[in-house]
Amino acid sequence: MAKSIDVDNLNVYYGDFLAVEGASINIAPRTVTAFIGPSGCGKSTFLRTLNRMHEVIPGGRVEGKVLLDGEDLYGPGVDPVNVRRTVGMVFQKANPFPTMSIYDNVIAGYKIAGSRKNKREFDDIVERSLKGANLWEEVKSRLQRPGAGLSGGQQQRLCIARAIAVEPSVLLMDEPCSALDPISTLAIEDLISELKVNYTIVIVTHNMQQAARVSDRTAFFNLAGVGQPGRMIEYDETAKIFSNPTQKATEDYISGRFG
Ligand SMILES: Nc1ncnc2c1ncn2[C@@H]1O[C@H](COP(=O)(O)OP(=O)(O)O)[C@@H](O)[C@H]1O
Ligand SMILES: [Mg+2]
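Note that the structure is predicted; figures quoted are calculated from it, not measured.

### Digging into the overall build of the protein chain
Secondary structure assignment for the protein chain yields 11 helices and 10 strands. Over its C-alpha trace the protein chain gives a radius of gyration of 18 Å, about what one expects of a compact globule, namely 18 Å for 259 residues. Once the C-alpha set of the protein chain is aligned to its principal axes, its extents read approximately 55 × 45 × 30 Å. When burial is assessed residue by residue, the protein chain has 50% of its 259 residues classed as buried. Contacts spanning at least 24 positions in sequence make up 66% of the contacts within the protein chain whose residues lie at least 6 apart. Only carbon and sulfur atoms are counted for the fraction: they give 51% of the accessible area of the protein chain, which is about 12,100 Å². If you average the places of the 29 positive and of the 30 negative side-chain charges in the protein chain, the two averages end up 5 Å apart.

### Details of the site of ligand 1
Taken together, Tyr-14, Phe-17, Ala-19, Pro-38, Ser-39, Gly-40, Cys-41, Gly-42, Lys-43, Ser-44, Thr-45 and Ile-57 make up all the residues around ligand 1. Measuring from an oxygen atom of ligand 1, one finds a backbone N or O atom of Gly-40 at 2.7 Å. At 2.8 Å, a side-chain N or O of Ser-44 approaches an oxygen atom of ligand 1. Those elements giving two or more residues to the shell around ligand 1 turn out to be strand 2 (17–27) and helix 1 (43–49). Of all the elements, helix 1 adds the most residues to the shell around ligand 1, at 3 residues. Classifying every residue of the shell around ligand 1 by side-chain character gives 6 nonpolar, 5 polar and 1 charged.

### A look at the layout of surface pockets
By volume, the largest pocket amounts to about 700 Å³. Lining the largest pocket we find 22 residues, and of these Arg-84, Arg-85, Gly-109, Ile-112 and Val-166 sit closest to its centre. Elements with a contribution of two residues or more to the lining of the largest pocket: helix 2 (80–86), strand 6 (87–90), helix 4 (108–112) and helix 7 (152–165). Of the volumes computed, that of the second largest pocket is approximately 230 Å³. Lining the second largest pocket are Lys-3, Leu-68, Asp-69, Glu-71, Asp-72, Leu-73, Val-78, Asp-79, Asn-82, Val-83, Arg-85 and Thr-86.

### Things to note about the UniProt feature "domain: ABC transporter" (unreviewed entry) in the protein chain
When the UniProt feature table is mapped to this numbering, "domain: ABC transporter" (unreviewed entry) covers residues 5–248. Helix makes up 34% of residues 5–248 and strand 27%, whereas the separation of the span's terminal C-alpha atoms amounts to 27 Å.

### Some points on helix 8 (residues 182–195)
Every α-helix carries 3.6 residues per turn, so stepping three or four residues along brings you back to the same face. Given a rise of 1.5 Å per residue, 14 residues ought to cover 20 Å, and the 20 Å separating the end C-alpha atoms of helix 8 matches this to within 8%. Burial in helix 8 covers these residues: Ser-184, Thr-185, Ile-188, Glu-189, Leu-191, Ile-192 and Leu-195. The arc that holds every buried residue of helix 8, seen down its axis, measures 160°, which confines them to one face. The outward face of helix 8, more than 90 degrees from its buried face, is lined by the exposed residues Pro-182 and Ile-183. In this structure, the buried side of helix 8 is in contact with strand 3 (32–36), helix 5 (119–132), helix 7, strand 7 (170–174), strand 8 (200–204) and helix 9 (208–214). Between a side-chain oxygen at the N-terminus of helix 8 and the backbone nitrogen of Ile-183 the separation is 2.9 Å; the capping residue is Asp-181.

### Details of the state of the cysteines
All chains considered together, the criterion is met by 0 disulfides. With no disulfide of its own, Cys-41 lies 18 Å from the sulfur of Cys-177, the closest cysteine sulfur. Cysteine Cys-159 is unpaired, with the sulfur of Cys-177 as its nearest cysteine sulfur at 12 Å.

Reading the values: the criteria
- As a convention, each chain's residues are numbered from 1 in the sequence order in which they are written.
- Working convention: letters from A go to chains and numbers from 1 go to ligands, in the order in which they are written.
- Side-chain atom pairs in this predicted model are given and counted only at pLDDT of 80 or more, local residue features only at pLDDT of at least 70, and totals for whole chains, interfaces and linings cover all residues.
- In computing side-chain values, all of the structure's heavy atoms are included and hydrogens and water are not.
- Helix numbering and strand numbering both begin at the N terminus, where a helix is a DSSP run of H or I of at least 4 residues and a strand a DSSP run of E of at least 2.
- C-alpha atoms define the radius of gyration, and 2.2 Å times the number of residues to the power 0.38 defines the globule rule.
- The buried label applies to any residue whose accessible area, calculated with a 1.4 Å probe on protein chains only, is under 20% of its type's maximum; exposed applies above 50%, and partly exposed to all values in between.
- Residue contacts are defined here by distance: any two heavy atoms, one from each residue, within 4.5 Å place the two residues in contact.
- The accessible surface values rely on the Shrake-Rupley method and a 1.4 Å probe; as for residues, cover is taken only from the protein chains in view.
- Residues counted as positive are Lys and Arg, residues counted as negative are Asp and Glu, and His and the chain ends are not counted.
- Positions of charges follow a simple convention, taking NZ of Lys, CZ of Arg, CG of Asp or CD of Glu.
- Proximity is defined per residue: if any heavy atom of the residue lies within 4 Å of a molecule or strand, that residue is considered near it.
- Under this definition, polar contacts are N or O atom pairs within 3.5 Å; protein pairs additionally need one hydrogen-donor-capable and one acceptor-capable atom, and for neighbouring residues in sequence, both atoms have to be side-chain atoms.
- Charged means Asp, Glu, Lys or Arg here, nonpolar means Ala, Val, Leu, Ile, Met, Phe, Trp, Tyr, Cys or Pro, and polar covers whatever is left, Gly included.
- The pocket and cavity definitions rest on a 1 Å grid over protein atoms only: a 1.4 Å probe that fits but cannot leave marks a cavity, an open set with protein on both sides within 12 Å along at least five of seven lines marks a pocket, and residues lining either have an atom within 4 Å of a point.
- Grid points are joined across faces, edges and corners, and a volume is the space filled by probe spheres set on the points.
- UniProt positions are given in the numbering used here, feature names are shortened, and annotations may be inferred rather than shown by experiment.
- The length a helix should cover is 1.5 Å for every residue beyond the first.
- Throughout, the arc means that of the directions going from the helix axis to the C-beta atoms.
- The disulfide definition used here is simple: a pair of cysteine sulfur atoms within 2.5 Å.

As structure tokens, then:
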């Protein structure tokens, strides 16, 4: 179910602006990869190319290939809607549909796709997904209440439940904990460690302790200057990046001398 991601020399544009230049990465299934680096260096932009969300932005386009288990996501005939189901995404700000019940939030992906599953099947999906997101015990008695009534940390786990409900192969997370308190943050980090058994996970984080705690490998992105494209400077085992990076820019960033 979890799939590999291989990117070779990808350029990512907003219109004429080259936002990320020459990014290459090989991500193994059932691993967690962290993207770190200063603000504006293209972490979110690159992340969104991994499920074709980048092209939703006017002028957004890429040059190059993104292979999911060897198949190019940008190949002819590939349906981007299908790609986004296979490669799920969780955002910085928890974004449950506010007036929708917890139950309906979890199955929103199926409803939007016009799925005709019966109530029994949806009940099973809701329970499995909420259990998978470590939220079931907290909400099982109030599934018909609005998603907006949950705490921030619970809402983020609800968004994770919604993402895993459609059984993706990859989960992309863009600073999923940056709006959360430390306890909720640890709950999400524990969840990420559990989910990696079944998924390939890529997480953008500005919290370097978090990258060190949850990820197997880390990619450091940097920017040479304003208006310059972001680049992936170094990509290696997380332990290596944080103890003995090869590049001076990486060392400066992780030791707090920059960014
Ligand atoms: N929707 C957009 N339209 C045009 N430029 C954008 C857009 N989103 C981001 N950018 C630009 O792309 C570059 C990388 O941004 P981003 O990927 O958000 O960086 P990061 O996530 O590392 O902070 C920045 O120069 C940013 O201004
Ligand atoms: Mg970002």
